[in-house]
Amino acid sequence: MKLYTKTGDSGQTSLIGGRVRKDDARVEAYGTIDELNSFVGQAAAEASKHDELTEMAALLIDIQQELFDCGSDLAYAVQGAPLKISAEPALRLEGWIDQYSSEAPEITRFILPGGSPVSALLHVCRTVCRRAERRVVTLAGEHAVNQEVLTYLNRLSDFFFAAARAANAKLSVNDTEYVRSAHVFGKPKK
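All values reported here derive from a predicted model rather than from experimental measurement.

Reading the values: the criteria
- Residues numbered from 1 in each chain as written.
- Predicted model: local features only at pLDDT ≥ 70, side-chain atom pairs only at ≥ 80, totals over all residues.
- Heavy atoms only, no water.
- Core = buried A, V, L, I, M, F, W, Y, C linked by side-chain atoms within 4.5 Å.
- Buried < 20%, exposed > 50% of the residue type's maximum accessible area, 1.4 Å probe, protein only.
- Helix = DSSP H or I, 4+ residues; strand = E, 2+ residues; numbered from the N terminus.
- Contact = heavy atoms within 4.5 Å.
- Salt bridge = Lys/Arg side-chain N within 4 Å of Asp/Glu carboxyl O.
- Phe/Tyr/Trp six-rings, centres within 6.5 Å; stacked < 30°, edge-to-face > 60°.
- Expected span 1.5 Å × (residues − 1).
- Polar contact = N/O pair within 3.5 Å; in protein donor to acceptor, adjacent residues only side chain to side chain.

Asker: How should the nonpolar core be read in this particular structure?
Answerer: Nonpolar side chains in soluble globular proteins tend to end up buried together. Within the largest apolar cluster, 48 residues are counted, with the highest numbers of intra-cluster contacts made by L60, I63, L122, L156, F159 and F160. If you list the elements that add at least two residues to this core, you get α1 (25-47), α2 (54-74), α3 (88-102), α4 (117-142) and α5 (147-170). If one sorts the elements of this core by residue count, α5 sits on top with twelve residues. Discounting residues that sit within four places of it in the chain, I63 has contacts with V40, L93, W96, Y152, L156, F159 and F160.

Asker: What is the right way to look at the pattern of salt bridges in this model?
Answerer: A side chain with one charge may pair with a side chain of the opposite charge, provided their charged atoms come close. What the rule picks out here adds up to eleven salt bridges. Where R109 meets E177, a salt bridge forms, and the shortest distance between an N and an O atom there is 3.8 Å. Separated by 68 residues along the polypeptide, R109 in the loop between α3 and β3 (111-112) and E177 in strand β4 (residues 176-177) bring together distant segments of the chain. Ionic pairing is found between D175 and R165, a salt bridge with its closest N-O pair at 2.7 Å. On the criterion of sequence distance, the pair formed by D175 in the loop between α5 and β4 and R165 in helix α5 is long-range, its members being ten residues apart. In this structure D175 comes out as buried when scored by relative accessible area, which is 18%.

Asker: What am I meant to see in the packing of aromatic side chains here?
Answerer: The relative placement of two aromatic rings is captured by the distance of their centres and the angle of their planes. A complete count under the given rule lists three aromatic pairs for this structure. Ring centres 5.9 Å apart and planes at 50° place the aromatic pair Y100 and F159 in the tilted group. Here the residue Y100 occupies a position in helix α3, and F159 occupies one in helix α5, the gap between them amounting to 59 residues. For the pair formed by Y100 and F159, the shared burial category is buried.

Asker: How should I be thinking about α5 in this particular structure?
Answerer: Three or four residues apart is the spacing at which side chains of an α-helix point the same way, because the helix has 3.6 residues per turn. Spanning 24 residues, α5 covers 34 Å between terminal C-alpha atoms, matching the ideal 34 Å at 1.5 Å per step. Two to three positions downstream of the cap, the backbone nitrogen of E148 sits 2.9 Å from a side-chain oxygen, assigning the N-cap of α5 to N146.

Here's what the structure looks like:
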């Protein structure tokens, strides 16, 4: 099987149910989710290097599967197609967010991306996830989409934040705080 088809040379691509320009809102949405999935794979590979983060690496691989499902749901140009993402994955993310939040120090200031390489990559995942969410919102303004994809992406960006902080804590690396701000999230512990 050849990887190249030459069918996209004119700037169009195929969806399930039709062809569109490669800069179509639908292609932008699932393409950004694909980009996010690549960064999640990189974060999982980095996390797997640390015994303290093997569970996190496994969760990230599960998330990659769900991101592929999200992209699949968005690739349908026809209504009534079978959907893969339900409410359950977002609910599961909430449990993981709560778990990881409890494993990190209390937040008193804004957190900048950084600390350990794993944490920095998870922050990249968070920001790309937010962009993917914005692309899906744009698509939803033009076409019907599986609303569970939007919910999932919203929870997922929160998961990446919590996981980034937990990764630093598990690796005994301090979060990078935005030191130019006051303590905005609570009083620091003495």
